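# Structure assessment
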Amino acid sequence: MTPPKPPSRPDRVSLLRYLRLFRTDILSAQPARLYRAWMAEFRTPFFRSYLCNDPALVDLVLKERPDDFPKSNRIREGLLPLLGNSVFVTNGETWKRQRRIIDPAFEGGRLRGTFPAMLAAGEAAVARLAERAGQGPIEIEAETSHAAADVIFRTLFSIPIEHEVAGAVFEAFREHQRAQPILNLAAFLPLPRWFPRFHSRKTRATARRIRSLITRLTEARMEEIRAGTAPADLATKIMVTEDPVTGRRFDTAEMVDQVAIFFLAGHETSASALAWSLYLLATSAEWQERIAAEADSVVGEGAVDFSAIGRLKAARDVFREALRLYPPVPMMVRETTRAERFRDRDVAPGAQVVLSPWHLHRHERLWDRADEFDPSRFATANGRECLRSAYIPFSTGQRVCPGAGFAMVEGPLLLAMIARAFRLLPVEERIPVPVAHLTVRAKDGIWLRLEPRVQLP
Ligand code: HEM
């Protein structure tokens, strides 16, 4: 079965219709030719934008000269109430300094340290699902969101999602998204200054609440660090790290901005990828059996340690294939700062450059059988080549996702643990339709039936 793909719009539509489509869903607002084109130029009265599918252009923008293609200030404006000056929205020297402090926390050795917390979150997720398995369809995105938020709180602050403050952040965040799906029109497009883009009172109120809860956690941690009683988790690591260049650490306010983005970037994305992975597994008996058998031998018995991750090969390939077909961050936008020439076309300063994992990952001239689910493709010559040149679920270059290694441990681990515990079945009358809001989600959720495979304690 070919996994669900959103419909494309007709090739030519009016600007108004495009904006309307865009507001509903940025995936179905695009024409089908983007799955074959190397570059596409969109001209509107307000802006020009260039969607780049040519791997050489993607490299130029993200790897070769990233400083010449910063994130636009509009993205910052859209996210300001919640994210302040977090690493996701800053540019230039501020961004560089922030990454120098954050990156060491996510290096290989540190990931080993986060493993027990991830395992505990996986066990808690399996226990929650066990209570509902066998009792009719389950909306799995809600479950994976819960699990991914749990992973973030356990690894960052050593507290489970049941902790009063963690649970309150998770709840407030859900409310925030209902008030304002963050990836909105104004954040993405350079609409004229007069275009209304204010944040609703509700958005500002939920953002304030999230930030005040995170401030409580961060201040308490600062105290524990001073008292020498802080646990050795990611928050402590980031808060005690000095920038090797300036010698400065994050103060509490700056740390709050970073925690907000870790929570946002780290749980929405992982939740989306895990939910789609589970759906894809539900549609493939062959891969489901392979993963369950692999998981049984790797995480089934006895003490499980970090080395298990290296042995979850089938789970990793399925997770990778889910990230290809349903990249949680479907598109990224940058801005030109000087005149450029892209594929023999002149591009003016201030133009929008769109990098689209969604289109690149399904590009018909790059990938064999681009729309098919086939985790074994990464062992083929085409799969290996495309992995290098046309696969950017975590972006690439200096602004690559700092949580990529973390996500590639968390995803396959939770996938294996869930597939080992339950047989997954699709719900025939509920085929998920992918849409892009903050991340790539299903229009009406992803529904699965779960049947217990193993006797759970
Ligand atoms: C499957 C899971 C994930 C995916 C697909 C993903 C994807 C991405 C992508 C594509 C970007 C670049 C966005 C852009 O340049 O516009 C990004 C940035 C970022 N991600 Fe992730 N991410 C994931 C998990 C995580 C986790 C677990 C964390 C932290 C715990 C995290 C933290 C961040 C941060 C802080 C940034 C901003 C980096 C910067 O701009 O320098 N992500 N992520």
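Located above this text is the structure these notes cover.
To keep things clear, this report deals only with the structure shown in the data block. Quantities reported herein were computed from a predicted structural model and do not represent experimental measurements. (Residues numbered from 1 in each chain as written. Predicted model: local features only at pLDDT ≥ 70, side-chain atom pairs only at ≥ 80, totals over all residues. Heavy atoms only, no water.)

This next bit is on the coordination of the iron atom of the ligand. Just one protein ligand coordinates the iron atom of the ligand, and it is Cys401 (SG) at 2.3 Å. Counting through the fold element by element, cysteine 401 comes out in the loop between helix 16 (381-389) and helix 17 (404-421). (Donors = N, O, S within 2.8 Å, 3.2 Å for Na, K, Ca; no water. Helix = DSSP H or I, 4+ residues; strand = E, 2+ residues; numbered from the N terminus.)

Reading across from one edge, 3-11-8 is the order of the 3 strands in this open sheet, with antiparallel pairing throughout. Looking at the sheet topology across the chains shown, the edges are occupied by strand 3 (138-139) and strand 8 (422-426). Inspection of the sheet shows strand 3 paired to strand 11 (residues 447-452) by 2 bridges, in the antiparallel sense. Within the sheet, the bridge partner assigned to glutamate 139 lies in strand 11 and is tryptophan 447. (Pairing = 2+ DSSP bridges.)

Next up on the list: the site of the ligand. Surveying the vicinity of the ligand reveals 25 residues, the closest of which are Trp95, Arg99, Arg334, Arg399 and Cys401. Between the ligand and tryptophan 95 there is a distance of 2.7 Å, counted from an oxygen atom to a side-chain nitrogen or oxygen. Arginine 99 places a polar side-chain atom, nitrogen or oxygen, 2.7 Å from an oxygen atom of the ligand. Mapped onto the shell around the ligand, the elements with two or more residues apiece are helix 4 (92-102), helix 11 (252-282), strand 4 (332-335) and helix 17. By residue number, the principal contributor to the shell around the ligand is helix 11, which donates 5 residues. (Near = heavy atom within 4 Å. Polar contact = N/O pair within 3.5 Å; in protein donor to acceptor, adjacent residues only side chain to side chain.)

A complete count under the given rule lists 36 salt bridges for this structure. For aspartate 371, the salt bridge identified is with arginine 362, shortest N-O distance 3.1 Å. Assessed through its relative accessible area of 0%, arginine 362 is described here as buried. Between arginine 369 and glutamate 372 there is a salt bridge, and its shortest N-O distance comes to 3.5 Å. A residue is classified by how much of its surface remains accessible, and arginine 369, at 39% relative accessible area, is partly exposed. For glutamate 372, a relative accessible area of 35% translates into the label partly exposed. One network of salt bridges, with partners in common, ties together Glu41, Arg43, Arg48 and Arg345. (Salt bridge = Lys/Arg side-chain N within 4 Å of Asp/Glu carboxyl O. Buried < 20%, exposed > 50% of the residue type's maximum accessible area, 1.4 Å probe, protein only.)

Between helix 5 (residues 108-132) and helix 17, the shortest axis-to-axis distance is 9 Å and the interhelical angle comes to 35 degrees. Crossing handedness for the pair helix 5 and helix 17: right-handed. Listed contacts from helix 17 to Leu111, Thr114, Phe115, Met118, Leu119, Gly122, Glu123, Val126 and Leu129 of helix 5 are Gly405, Phe406, Val409, Glu410, Leu413, Leu414, Met417, Ile418 and Ala421. Residue composition of the contact of helix 5 with helix 17, grouped by class: 13 nonpolar, 3 polar and 2 charged. (Axes fitted to C-alpha atoms, helices over the stretch in contact; angles between N-to-C directions. Left-handed = near helix turned anticlockwise from the far one by under 90°. Contact = heavy atoms within 4.5 Å. Nonpolar A, V, L, I, M, F, W, Y, C, P; charged D, E, K, R; others polar.)

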